[in-house]
Amino acid sequence: MISYSGYFGSSRRRAGDSSKARVASRRVMALSLCVAGSIAAFGRTELLAQEAAQAIPVGTIVAERRPVEKTLEFVGRVEAVNRVEVRARVTGFLEAMRFKEGDVVKAGAPLYSIERGLFEANVQQAEGAVARSEASKALTAIQYQRAADLFEKQSGTAVARDQAAAADKQAQGALLTDQANLKTAQINLSYTDIRSPIDGKVGRTNLTMGNVVGPDSGPLTVIVSQDPMYVLFPVSQRDFLKVQQSGQALELKQIKANLKFSDGSTYDQVGQLNFVNVTVDRATDTILVRGSFPNPKAGLVDGQLVRVSLQGDKPEEKILVPQAALIADQQGVYVFVAQDGKAAVRRVKLGGEQGAFTVVESGLSGGELVIVEGLQAVRPGVPVRATPAAAGLGRS
């Protein structure tokens, strides 16, 4: 009889060993998975840390809505209230120039002197003619009175009386003519002394001493008044109709006017509109508007090109961003905003300017973090680390 106890015992031992091997294999696999997960997590953490380290530091401000007075901008030109071209009214040699070019002169101040000798002689000649006419008038008056007395005494004739009366009237007419000639000569003599007709600043002289000047010589110089000054600018029909369609009456006194120079600086005086032309320019389809500006420091110059900004009396809520945040390209103007840790582009449509800020009409809804510092290294989609910008950039 064959015994199987040894055989079954060895089988049990082999089965137990196989089970232990499978358990050990599962443990190794689980451990490998844990190690791999730890390595992956560490990799992601390290990658995030690298991205955070590579993020570009930028300064931002919050795009906020603020009350802004509605503005319209136009291009205008400064014009003096009074502008006089000084001309010679008589012909003669220019004898002296009695002002310094660029000086401020008062009305009546001497400017030029024309040689007086010929005009003084004309006055004396006219005075002699008046003296002769006065003597003739005195004689004819005596003769007329004598003829009238003789006619009343029936010692003279009516013809003699009438002839004496006519001679007296002719003498009176000659006297009036000579007196007028004397006045003309005196006026011409006064024209040799050319004086300023207004208060203002005198320009450069066009003719110097020794030249012959006269009514056909053109202007000798120009004088322009200084304070106040006008600014004239054309307003398109479209802008003019906008005001009319808004239902607001065009009250000139309620509209504030500000000026900006070509370098971007703002004029420190506020002006007031005082005239709207009554006709439309057919060539440009614009209406000419005029404003008056104080000019106590002579900051405005006649003929100067300026930008006129008109402000209404009712402010509106608008989004403002610093001008430092604006970037222009061929497609227009845009800003960078910090969104989800990255830089994003927002195309914007601009309105008027408010100091160092610009009104954004569209493209921003408010609340965005607009990048204003560190823009040199910013590109669309790059990681950024946003911090509040300097306090001066966040205030208007």
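In what follows, the structure referred to is the one given above.
Here the structure is a predicted model, which is why all the values come from computation and not from measurement. (Residues numbered from 1 in each chain as written. Predicted model: local features only at pLDDT ≥ 70, side-chain atom pairs only at ≥ 80, totals over all residues. Heavy atoms only, no water.)

A. Region of interest: the overall build of the chain. Secondary structure assignment for the chain yields four helices and 21 strands. Expressed as a percentage of the 396 residues in the chain, the buried residues total 31%. For the chain, restricting intrachain contacts to residue pairs at least 6 apart in sequence, the fraction spanning at least 24 positions comes to 76%. Accessible surface computed for the chain: about 24700 Å², of which carbon and sulfur atoms make up 54%. (Helix = DSSP H or I, 4+ residues; strand = E, 2+ residues; numbered from the N terminus. Buried < 20%, exposed > 50% of the residue type's maximum accessible area, 1.4 Å probe, protein only. Contact = heavy atoms within 4.5 Å. Areas by Shrake-Rupley, 256 points an atom, 1.4 Å probe, with all protein chains shown as cover.)

B. Inspection of the packing of aromatic side chains at higher detail. Enumeration according to the criterion identifies four aromatic pairs in this entry. Ring geometry for Phe 74 versus Phe 233: centroids 5.5 Å apart, planes at 25°, classification stacked. A residue pair is termed long-range when its members are at least 10 positions apart, and Phe 74 in strand β2 (residues 64-80) and Phe 233 in strand β11 (residues 229-236) qualify at 159 residues. The buried category is assigned to Phe 233, whose relative accessible area is 1%. Ring centres 5.7 Å apart and planes at 90° place the aromatic pair Tyr 334 and Phe 336 in the edge-to-face group. For Phe 336, a relative accessible area of 4% puts it in the buried group. Positioned over the ring face of Phe 151 is Arg 161, at 4.4 Å from the centre of the ring. (Phe/Tyr/Trp six-rings, centres within 6.5 Å; stacked < 30°, edge-to-face > 60°. Lys NZ or Arg CZ within 6 Å of the ring centre and 35° of its normal.)

C. Examining a positive patch on the surface more closely. Judged by side-chain charge, Lys 70, Arg 238, Lys 242 and Lys 349 come together as a positively charged surface patch. Following the sequence through the fold, Arg 238 ends up in helix α4 (residues 237-245). Residue Arg 238 is classed as exposed on the basis of its relative accessible area of 62%. (Patch = residues over 30% accessible without salt bridge, like charges linked within 9 Å, V, L, I, M, F, W, Y side chains within 5 Å. Salt bridge = Lys/Arg side-chain N within 4 Å of Asp/Glu carboxyl O. Lys, Arg positive; Asp, Glu negative; His and termini not counted. Charge placed at Lys NZ, Arg CZ, Asp CG, Glu CD.)

D. A look at the environment of Arg 98. Looking at where Arg 98 falls in the secondary structure, it is placed in the loop between β4 (92-97) and β5 (104-105). The partly exposed category is assigned to Arg 98, whose relative accessible area is 48%. Those residues in contact with Arg 98, other than ones at most four positions away along the chain, are Pro 110, Leu 111 and Ser 113. Within the structure, the side chain of Arg 98 is placed 2.7 Å from the side chain of Ser 113, a separation counted as a polar contact. (Polar contact = N/O pair within 3.5 Å; in protein donor to acceptor, adjacent residues only side chain to side chain.)

E. Structural context of the nonpolar core. Formed by 24 residues in total, the largest nonpolar core has its most connected members in Tyr 112, Ile 114, Ile 194, Val 213, Leu 220 and Ile 223. Elements supplying a minimum of two residues to this core: β6 (110-114), α2 (117-152) and α3 (158-190). Non-local contacts of Ile 223, meaning those with residues more than four positions away in its chain, are made with Asn 82, Arg 83, Val 84, Val 86, Val 105, Leu 111, Ser 196, Pro 197, Ile 198, Gly 200, Lys 201 and Val 202. (Core = buried A, V, L, I, M, F, W, Y, C linked by side-chain atoms within 4.5 Å.)

F. The sheet that holds strand β9 (residues 212-213), seen in detail. Strand order across the open sheet formed by four strands is β7-β6-β4-β9, with antiparallel pairing between neighbours. Each edge of the open sheet is held by one strand with a lone partner, namely β7 (193-195) and β9. Direction of pairing for β4 relative to β6: antiparallel, over a ladder of three bridges. Bridge assignment links Ala 96 to a residue of β6, and that residue is Ser 113. (Pairing = 2+ DSSP bridges.)

G. View of the pattern of salt bridges. Inspection of every chain in the model, using the stated rule, returns twelve salt bridges. Between Lys 137 and Asp 168 there is a salt bridge; the shortest N-O distance is 3.2 Å. Note that Lys 137 is positioned in helix α2 and Asp 168 in helix α3, a separation of 31 residues in sequence. Exposure remark for Lys 137: the relative accessible area of 18% places this residue in the buried category. Ionic contacts of the salt-bridge type, sharing partners, join the residues Arg 83, Glu 85, Arg 87 and Asp 302 into one network.

H. View of the pairing of β6. By the criterion of burial, β6 is predominantly enclosed, with four of the five residues buried. Sheet analysis places β6 next to β7, joined by three bridges and oriented antiparallel. Bridged to Tyr 112 within β7 is Ile 194.

I. Inspection of the sheet that holds strand β3 (residues 83-86) at higher detail. With antiparallel pairing, the four strands of this open sheet are ordered in space as β3-β10-β8-β5. One side of each edge strand has no neighbouring strand; the edge strands of this open sheet are β3 and β5. As defined by bridge partners, strand β8 (residues 200-202) adjoins strand β10 (residues 221-224) across two bridges and the pair is classed as antiparallel. Paired with Lys 201 across the two strands is Val 224, which belongs to β10.

J. The environment of Glu 353, seen in detail. Examined against the element boundaries, Glu 353 turns out to sit in strand β18 (residues 342-354). For the pair Glu 353 and Ser 309, spaced 44 residues apart in the sequence, the C-alpha separation amounts to 9.1 Å. Glu 353 has contacts with Glu 73, Lys 260, Arg 307, Gln 323 and Thr 358, leaving out every residue within four places of it along the chain.

Keep in mind these numbers describe shape, not what the thing actually does.
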